[in-house]
Amino acid sequence: MSRRAVVFGAAGQLGIELVRELQQRRFAVMSWDRTQVDITDATAVQKALADFDAEVVFNSAAYNQVDVAEKEPQAAFQINALAVRNLALACRQVDAQLVHFSTDYVFDGTARHPYVEEDPTHPLGAYAVSKLAGELYAQAYLDRALVVRTSGVFGPGGLATARGNFVELMLRLAASPNPIRVVEDHVASPTYAPQLASRTIDLVERNFSGLFHIGGGTPSSWFHFARLIFDAVGLQPVLLATNEREYRTPARRPKYSALSNAKMERVGLDPMPSLKDALASYFARRPALASARKS
Ligand SMILES: NC(=O)c1ccc[n+]([C@@H]2O[C@H](COP(=O)([O-])OP(=O)(O)OC[C@H]3O[C@@H](n4cnc5c(N)ncnc54)[C@H](OP(=O)(O)O)[C@@H]3O)[C@@H](O)[C@H]2O)c1
């Protein structure tokens, strides 16, 4: 019999891919976007899980506006932390496994190696604190929660969301004649959403719980990532390297937040593909989505 899975935050970049991949693997899937179930509504979450008799619950809903969170930390905490408590309590009631996603921003960026799961956390701002609190809530109420930290997520779904993603931002900027300035002194692990979805479901199918890092296969500065994007589509805008001193943002971010996938690989999952290959996959799917939206 197929396993019963639910996905909250199903209209986001990762949510779309989780639903697609779960369906492909013959899970019985129920999914809700924010307009259908708002995860800050504990009663709605409880009812959704009880009605569907879920066995595994994926939470891909999140408040991801890192800079805006400095002005409205309550909103970030409500969605990224307190709503995860709602989910954890509801999962406990129906004995379902919670699969929750967190961020490389729980670290302060002072490490000299890609971050492993055992590294100490030290969030630098309101968004990061709220995400770390979400991890703790997931683990506080459940013995078998799976928490996956990821980084710089980009997926074709970002073409249709208000927030978008870094790839779409770069393509929009390239349409204007102005030079594009991107920070070169911040390094992360840009992660392709379909591969993140697929590796996470691999962990679920193999009955893993606990904390795992799943980042893209190539740690990269945002400047280098921008260059790879333009190379992939054959654009040559004026791209200039800048740094955090010149490009100030309301939120502090870790300068170095590459994630090590060593634990994921040790338990037998395939390595994540290179950033170049991930971008090729992204652009192979993107035109189909763009034309689908026009029709
Ligand atoms: N994107 C990144 O660069 C990044 C980096 C590190 C970690 N992560 C983590 O990876 C996970 C997936 O991120 P993503 O890139 O897929 O984000 P995304 O594209 O921004 O999607 C998030 C989804 O959550 C929904 N949502 C927000 N508040 C909600 C609520 N109260 N109830 C139900 N749904 C709600 C949003 O709906 P609305 O659009 O209507 O608000 C959106 O559809 C998140 O846990 C995120 O924190 C992401």
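Residues numbered from 1 in each chain as written. Predicted model: local features only at pLDDT ≥ 70, side-chain atom pairs only at ≥ 80, totals over all residues. Heavy atoms only, no water.

Following the criterion strictly, the structure yields 13 aromatic pairs and no others. Relative to tyrosine 282, the ring of tyrosine 192 lies with its centre 6.3 Å away and its plane at 70°, an arrangement referred to as edge-to-face. Taken together, the positions of tyrosine 192 in strand β9 (residues 191-192) and tyrosine 282 in helix α9 (residues 275-294) put the pair 90 residues apart, joining distant regions of the chain. Exposure class is identical for tyrosine 192 and tyrosine 282. Each is buried. Each residue in the set Phe154, Phe166, Tyr192, Trp222, Phe225, Tyr282 and Phe283 is aromatic and connected to the rest through ring pairs, giving one cluster. The ring of phenylalanine 52 is capped by arginine 4, whose NZ or CZ atom sits 4.2 Å from the centre of that ring. Above the face of the phenylalanine 212 ring, lysine 263 is positioned so that its terminal group lies 4.2 Å from the ring centre. (Phe/Tyr/Trp six-rings, centres within 6.5 Å; stacked < 30°, edge-to-face > 60°. Helix = DSSP H or I, 4+ residues; strand = E, 2+ residues; numbered from the N terminus. Buried < 20%, exposed > 50% of the residue type's maximum accessible area, 1.4 Å probe, protein only. Lys NZ or Arg CZ within 6 Å of the ring centre and 35° of its normal.)

The terminal C-alpha atoms of helix α4 (residues 126-141) lie 23 Å apart, and with 16 residues this matches the ideal 22 Å at 1.5 Å per residue to within 8%. Considered for burial, the residues of α4 that qualify are Ala126, Tyr127, Ala128, Ser130, Lys131, Leu132, Ala133, Gly134, Glu135 and Ala138. Its buried side turned inward, α4 meets α3 (73-94), β4 (97-103) and β5 (146-150). (Expected span 1.5 Å × (residues − 1). Contact = heavy atoms within 4.5 Å.)

Attention shifts here to the nonpolar core. Judged by nonpolar contacts, the single largest core of 35 residues is most densely connected at Val6, Phe8, Ile39, Leu49, Val57 and Leu98. Sorting the residues of this core by element identifies β1 (4-8), α2 (42-52), α3 and α4 as the ones contributing at least two each. With residues near it in sequence (within four places) discarded, isoleucine 39 still touches Phe8, Val45, Asn59, Ala61, Ile79, Ala83, Asn86 and Leu87. Counting residues in hydrophobic clusters, the runner-up holds 24 residues, among them Ala5, Phe101, Ala197 and Ile201. (Core = buried A, V, L, I, M, F, W, Y, C linked by side-chain atoms within 4.5 Å.)

Before going further, it helps to examine empty space enclosed by the protein. With the rule as written, the count across this model stands at two cavities of 30 Å³ or more. One number sums up the size of the largest cavity: a volume of about 50 Å³. Forming the boundary of the largest cavity are Val66, Glu70, Tyr105, Leu124, Gly125, Ala126, Tyr127, Ala128, Ala251, Arg252, Arg253 and Pro254. Taken together, the residues of the lining of the largest cavity sort by class into eight nonpolar, one polar and three charged. (1 Å grid on protein atoms, 1.4 Å probe; cavity = no way out; pocket = protein on both sides within 12 Å on 5 of 7 lines; lining within 4 Å. Points joined across faces, edges and corners; volume = space filled by probe spheres on them. Nonpolar A, V, L, I, M, F, W, Y, C, P; charged D, E, K, R; others polar.)

Moving on to the sheet that holds β1. On the basis of which strands lie adjacent, the open sheet formed by six strands has the order β2-β1-β3-β4-β5-β10 and parallel pairing. Only two strands of the sheet have a single neighbouring strand rather than two, namely β2 (28-32) and β10 (210-213). Adjacent strand axes in the sheet meet at a mean angle of 20°, parallel and antiparallel pairs treated alike. Docked against the sheet, α4 engages β4 and β5, running at close to 160° with respect to β4. (Pairing = 2+ DSSP bridges. Axes fitted to C-alpha atoms, helices over the stretch in contact; angles between N-to-C directions.)

Our focus in this paragraph is the confidence of the model for the chain. With 97% of its residues at a pLDDT of at least 70, the chain reaches an overall mean of 94. Of the regions scoring below 50 in pLDDT, residues 291-295 engages in two contacts with residues more than four places distant in sequence or in other chains. (pLDDT = per-residue confidence, 0-100.)

Take a nonpolar patch on the surface next. Together, Phe77, Leu82 and Val129 line one region of the surface with nonpolar side chains, adding up to about 210 Å² of accessible area. Within the secondary structure, valine 129 sits in helix α4. Relative accessible area serves as the criterion here: at 41%, valine 129 is assigned to the partly exposed category. (Patch = residues over 30% accessible without salt bridge, like charges linked within 9 Å, V, L, I, M, F, W, Y side chains within 5 Å. Areas by Shrake-Rupley, 256 points an atom, 1.4 Å probe, with all protein chains shown as cover. Salt bridge = Lys/Arg side-chain N within 4 Å of Asp/Glu carboxyl O.)

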